[in-house]
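# Overview (structure and organization)
Chain residues, written in single-letter form:
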Amino acid sequence: MDRAPGLSVRLKLTLSYAGFLMLAGALLLAVVLVFLLRYVPDGQVGPPGRLVLTGPDRSDLWQAFAPKAAAALAFLLVFGLVGGWLLAGRMLAPLTRITDATRTAANGSLSHRIRLPGRRDEFRELADAFDTMLARLEAHVAEQQRFAANASHELRTPLAITQTLLDVAHNDPNRDNGELVERIADLQIR
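Here's what I pulled together on the structure shown here. (Residues numbered from 1 in each chain as written. Predicted model: local features only at pLDDT ≥ 70, side-chain atom pairs only at ≥ 80, totals over all residues. Heavy atoms only, no water.)

## Considering the side chain of Thr14
Locating Thr14 in the fold gives a position in helix α1 (residues 9-38). A distance of 3.4 Å separates the side chain of Thr14 from the backbone oxygen of Gly84, its partner in a polar contact. Contacts of Thr14, omitting those with residues within four sequence positions, involve Gly80, Leu81, Gly84, Trp85 and Ala88. (Helix = DSSP H or I, 4+ residues; strand = E, 2+ residues; numbered from the N terminus. Polar contact = N/O pair within 3.5 Å; in protein donor to acceptor, adjacent residues only side chain to side chain. Contact = heavy atoms within 4.5 Å.)

Set out below in structure tokens:
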């Protein structure tokens, strides 16, 4: 079947893993920022007209926090893409074995089995169902081949006798054709 190319499942999983990791990281950084800014005053604090020692305010904290938060998000993006790619590849490896077995069966080899190792999961159930289907198909094909061989053998015997009778009749001009027709009719009745 000819289909338009699209993103692979591995790439889709990688992007979804990385996207989820970025979202979780952004939410965590937002929560940290909100709690940090909550306890930092906005501007100078103190009674009016008195000298106040100034410390960092919210804008100072934001200037210090924002670049580090951006670097952390960039790291999470790279980590999510690389880790997601490796994780998706590992998770989809059984699907590659199932696909290879399907292609082998499509090329006519029904004796190949997947025999996927490991515990029961969705891929294992699919592989086991495919192995069962291949076993049944192989048995049906073998049964059809036996039937065809038996039918061919059963058809050869009357044809050989008829051919012999026709050869004898052809080679013996004194032979009675009525007797030949009766013998051929007796073969068809059996």
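## Looking at the packing of aromatic side chains
Between two aromatic rings, the relevant description is the distance of the centres plus the angle of the planes. Tallied over the full model, the rule gives 1 aromatic pair. Each ring, one from Phe75 and one from Phe79, has its centre 5.8 Å from the other, and the planes form 20°; the classification is stacked. Of the two residues, Phe75 and Phe79 are both situated in helix α2 (residues 58-106); the distance of 4 residues between them amounts to about one turn of the helix. For Phe75, a relative accessible area of 54% gives the class exposed. (Phe/Tyr/Trp six-rings, centres within 6.5 Å; stacked < 30°, edge-to-face > 60°. Buried < 20%, exposed > 50% of the residue type's maximum accessible area, 1.4 Å probe, protein only.)

## A few points about α2
End to end, α2 covers 67 Å across 49 residues, agreeing with the expected 72 Å (1.5 Å per residue, within 8%). In α2, a bend of some 45° at Leu92 exceeds every other bend along the element, and Pro94, a proline, comes one to four places later. Of the residues one or two after α2, Gly108 is the one with positive phi, at around 110°. (Expected span 1.5 Å × (residues − 1). Bend = angle between axes of the 7 residues up to and from the residue.)

## Digging into the nonpolar core
Taken as a class, soluble globular proteins show a tendency for nonpolar side chains to be buried jointly. Ranked by size, the top nonpolar core spans 9 residues in total: Ile98, Ala101, Ala105, Leu110, Ile114, Leu116, Ala127, Phe130 and Leu134. Those elements giving two or more residues to this core turn out to be α2 and α3 (122-171). For Phe130, the contacting residues outside a window of four places in its chain are Ala101, Thr102, Ala105 and Ile114. (Core = buried A, V, L, I, M, F, W, Y, C linked by side-chain atoms within 4.5 Å.)

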